[in-house]
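# Fold and geometry: a report
Spelled out, the chains give:
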Amino acid sequence: MELLLLKVRICLVFGTIASSFQGYISEPYFEKYGSLHDSYFQDFLAHEVPLGLCEVFQNKINSAPKLSILHRRLIGEGSHRRLSTSIQFEIYQESVSNLPDHYCEAIIIEKLPSGVFADPFELQDLLYRGVYMKASAFGDTNLELPSIQSNRSLVEIHMDIGSNALTGSKHGMETKIELPIHARYPPLGDRGYSRTEFGLPDLFTRCSIKGKSSSQSCIFMSTDSTAKVIDDSIVWEVPSGNKKHASTVSFLTFVSAILSALSIVLVSIRHSNFETDDSKQS
Amino acid sequence: MKRVDFRFIILFSAFLRIFLIIYGEWQDTHMEVRYTDVDYFVFSDAAALVVSGVSPYKRSTYRYSPLIAYLLTPNSIVHRSWGKVLFSISDLLVGYFIRSILKLQGVSDEICIYSVMVWLFNPFTFTIGTRGNCEPIICAMVLWIILCLLKGKLLQAAFWYGLVVHLRIYPIIYALPIVLALEPCNFQSGKRLILRKWSSRDIKAAQRSSTKNVSDLVQKLGVIARLLTKERIQFGLLSGTVFFFFTGIFFYLYELEFLHEALLYHLTRTDPRHNFSIYFYHIYLHYEREFSLPEKLVSFLPQVIVQLVLISRFRKDLPFCFFLQTVAFVAFNKVITAQYFVWFFCLLPLILPWSNMKPKQGLVCISLWVGAQTHWLLWGYLLEFKGKQVFLCLWVASLLFLAANTFVLICVITHHTCSPLFRPLEHVNRTKSAKYKQ
C-alpha cells in the first residue's frame, strides 16, 4: 500500500474559539461567501477564524497535536463511491505534562471538486448510525443538477479522538474516514470520460479543556506546507456524453417517438369498433 | 365460498405487507443496501419539519403536496413506519376497489379474484407501498373516482378528482375523458346508471343502441349544448374549486416554494440523468444550451397526439381509456422512473375481463416488456455502478423499451372487447332486466 505521509506542522497556533466556531468551522465562511472558492476559503482559514491563545498551552507550543494523512483512495466503482482517508494522530509526549482534563476531536474539511457532491441526507444518516460524531455538507448540495449547472461543495466531518488525548495516551492513533460521494453528470466531451481530481483536505484538532474556573476550546490547524505528495493523487474518471452523438441521437429519438405514436394512432383508429360504428351511422 | 376466497386474499396480502414492512426495518438496520425507498426518507424528513413548524420544502427534493407530509406526521410522533402502513393500506384498498368496480359491471367472482390478484400479488406493487412510496394512495384515489362515477356520485368524484390532481398532477390526463363520459344520455347525477354487463358482452348491439342515441342527441341539441351539460359544469367547477382551494391554501402557507416544487417542477421537468425515457440522452447532449420552442414542441407532439387519439377513440370505455392513456403518457414522458409503472398497474385489472388475449399472447407481452426493462437495467447498472461509458447502448435500450411499450399497447388494444361503460339511460325502460340495482 502506497503511503501518503504528509508531515503536517502546526501553522495556526491554538486558541480560544469564538462561539461561532464551537460548531462547524466552515459555517461562517458559507454564511459570508455563499459558495466555495479555494483562495477565499484559505484566506478565511488563515485570517478570519477568530483565534486567541489558549491559556493552558501558552508555554507548551510543541504539545499541539499533529494529524498526518497516511493514505487516501477512492473505494468502489461507478457514480457512487467512498473517499477513504486514513489519518494518524500524533503528539509529542515529552512536551505535555500536567494538562487538565480535556477532550479532542479530529476535523477533516474535504473541498470537493466540481462534479462531485456529498448527499447531506446520507451524512445525516451516517450521523444517526454513529459513524461520525458530526458531519455536514456546505455549498451547492443540490443532488440533481449536472456538473455544468452546479457549484462546488465542501464536507466537514468531526471524528472523536477521545479524552485526554494530549497527554499522549493516544499517541500514534490511526483513524479512517470514509465519505460517500456521488458524481454529477459531467460536461460533454469527445473522450467519453471526464477527469475529476481531488485535492488534499484541511485537517484540524479541536480540544475542549476544563479549566479551574471555566472551560475553553482550542483548535489546532494542520497544513500540508511540508507535505511530500507521493504519486497516488486521486482521480475519478466519470463517464460523459459524447458530443459526436448529438445529431444522430436527437434525430433517431424523434423518429422513434413519431413512429411509435403513429402506430398507436393507426391501431386505435382501426380497432376502436364503436367509434367506427358511430361514424358509419352518422 | 368466493367471498371467503377474497377475504383470504386480502388477509394474506395484508400479512405479506406487514411482513415486508418488518423485514424492511431489519434490512435497513443490518444491511448496507436499504429496503426503504429514498423517497420515504424525503417524506419523513418533510413530515418532521412540519411537526417542528417548518415548511416541508426546506427538505430538498421534496416535490409533493404538503398534504403528503401532513399525512406522515405520525412518522415523527408514533413510529417511523407509519407511512409505510398507510401506503400499504391504500395498496389493499386498491385491491378492494378493483373488486368493487368489476362487480358493478357484473364480472364473475372468479374473474374478479384473478384480477385483484394481478394487483395484490404483483411483486412490483406490493414492494412499492412497503418500501414507502406514496403512489398507492394516488392509485386508490383514481380507482375511487371511477367507482364514484360508476355509482353516479358525481360530486364525490369531482371532489376526489380535484384533490388527486392537486396531489399528483398526472391524473389531469383523465379530465377530458371523464368530462366526455358525462353524456346526458348516459350519465345524470342522482339517477341510477346503466352499466355494461360483462356476462352479456353483446358489443355490437350495445354499441349500436348507444351510438344511435348519441347521434340523435347531436341532431337535437347541437354540439355546444351537448358539451355544456349540467353534469359537466358541476364536475368541472367542483374539481377545479377543490384543486384551487388546496393549491391556494398551500400557496398562502408556503408561497412560491410550494408552487415551484410541487407544481411547476413537474410541469417543466427535464432530467438529463439516465432514466427509461427515450429523451434522456437527447436532453443530456443539449443540456448546455436552452431548447428552442420548436424543439420543445416536437418532443411534446407525440404525447399530445397519442393522448388525443386515445381519448377520442376509447372515451366511452372509461377504465380502458384511462389505462391506455396512462401507459402512453408514461411511455412518451420526458422522465420515466419505475414508480410510474404503478399508475397503470392499478388500472390493468379493470380491463383484463374484457380482453380476449390468449395466455400465450399475454405471456409474450409480459416477457417482452419485462425483458426490455431488464435489458435497460443491465446497461443502467454498467453506467451507474460500474462507471462504464455506455450512454449510447443505454439510449438504444430506452428506444427498445419504448418499442416494447408500443407493442404491448397495440396488443392490448387489438385484443380488447370495446364496450361503452355507460349504457343510455333511455335504454332503461326498454331493458329493465339489465338495470343495475344499486
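Anything mentioned here points back to the structure above.
A brief structural summary. Small disclaimer: the values here were computed from a predicted structure and weren't measured.

The next point concerns empty space enclosed by the protein. Residues and elements named next belong to chain B. Overall, the coordinates contain 4 cavities of 30 Å³ or more when judged by the stated rule. Approximately 70 Å³ is the volume found for the largest cavity. Leu-180, Ala-181, Glu-183, Asn-186, Arg-315, Lys-316, Leu-318, Pro-420, Leu-421 and Phe-422 together form the lining of the largest cavity. Across the lining of the largest cavity, the residue classes tally to 6 nonpolar, 1 polar and 3 charged. What the second largest cavity holds in volume is close to 50 Å³.

Our next topic: the interface of chain B and chain A. In this assembly, 63 residues from chain B lie in contact with 52 residues from chain A. With both sides pooled, the region where chain B packs onto chain A buries about 5,200 Å², and carbon together with sulfur makes up 61% of that total. When the area that chain B buries against chain A is broken down by residue, the three leading residues are Tyr284(B), Glu288(B) and Arg313(B), summing to 13%. Two residues, Glu77(A) and Lys386(B), come together in a salt bridge whose shortest N-O distance is 2.7 Å. No other element matches helix H15 (residues 293-314) of chain B, which puts 11 residues into the side of chain B that touches chain A. Residues that form the side of chain B that touches chain A fall into these classes: 30 nonpolar, 14 polar and 19 charged.

Residues and elements named next belong to chain B. Overall, the coordinates contain 56 aromatic pairs over all chains when judged by the stated rule. A centroid spacing of 6.1 Å and a plane angle of 25° characterise the contact between Phe-8 and Phe-12, whose relative ring orientation is stacked. One end of the pair, Phe-8, and the other, Phe-12, are both in helix H1 (residues 2-30), 4 residues apart, so they sit about a helical turn from each other. Each member of the aromatic cluster is reached from another via a ring pair, and the members are Tyr-40, Phe-43, Tyr-57, Tyr-62, Tyr-64, Tyr-70, Phe-87, Phe-250, Tyr-254 and Phe-258.

Calculation criteria
- Residues numbered from 1 in each chain as written.
- Chains lettered and ligands numbered in written order.
- Predicted model: local features only at pLDDT ≥ 70, side-chain atom pairs only at ≥ 80, totals over all residues.
- Heavy atoms only, no water.
- 1 Å grid on protein atoms, 1.4 Å probe; cavity = no way out; pocket = protein on both sides within 12 Å on 5 of 7 lines; lining within 4 Å.
- Points joined across faces, edges and corners; volume = space filled by probe spheres on them.
- Nonpolar A, V, L, I, M, F, W, Y, C, P; charged D, E, K, R; others polar.
- Contact = heavy atoms within 4.5 Å.
- Buried area = accessible area lost by both parts, 1.4 Å probe.
- Salt bridge = Lys/Arg side-chain N within 4 Å of Asp/Glu carboxyl O.
- Helix = DSSP H or I, 4+ residues; strand = E, 2+ residues; numbered from the N terminus.
- Phe/Tyr/Trp six-rings, centres within 6.5 Å; stacked < 30°, edge-to-face > 60°.

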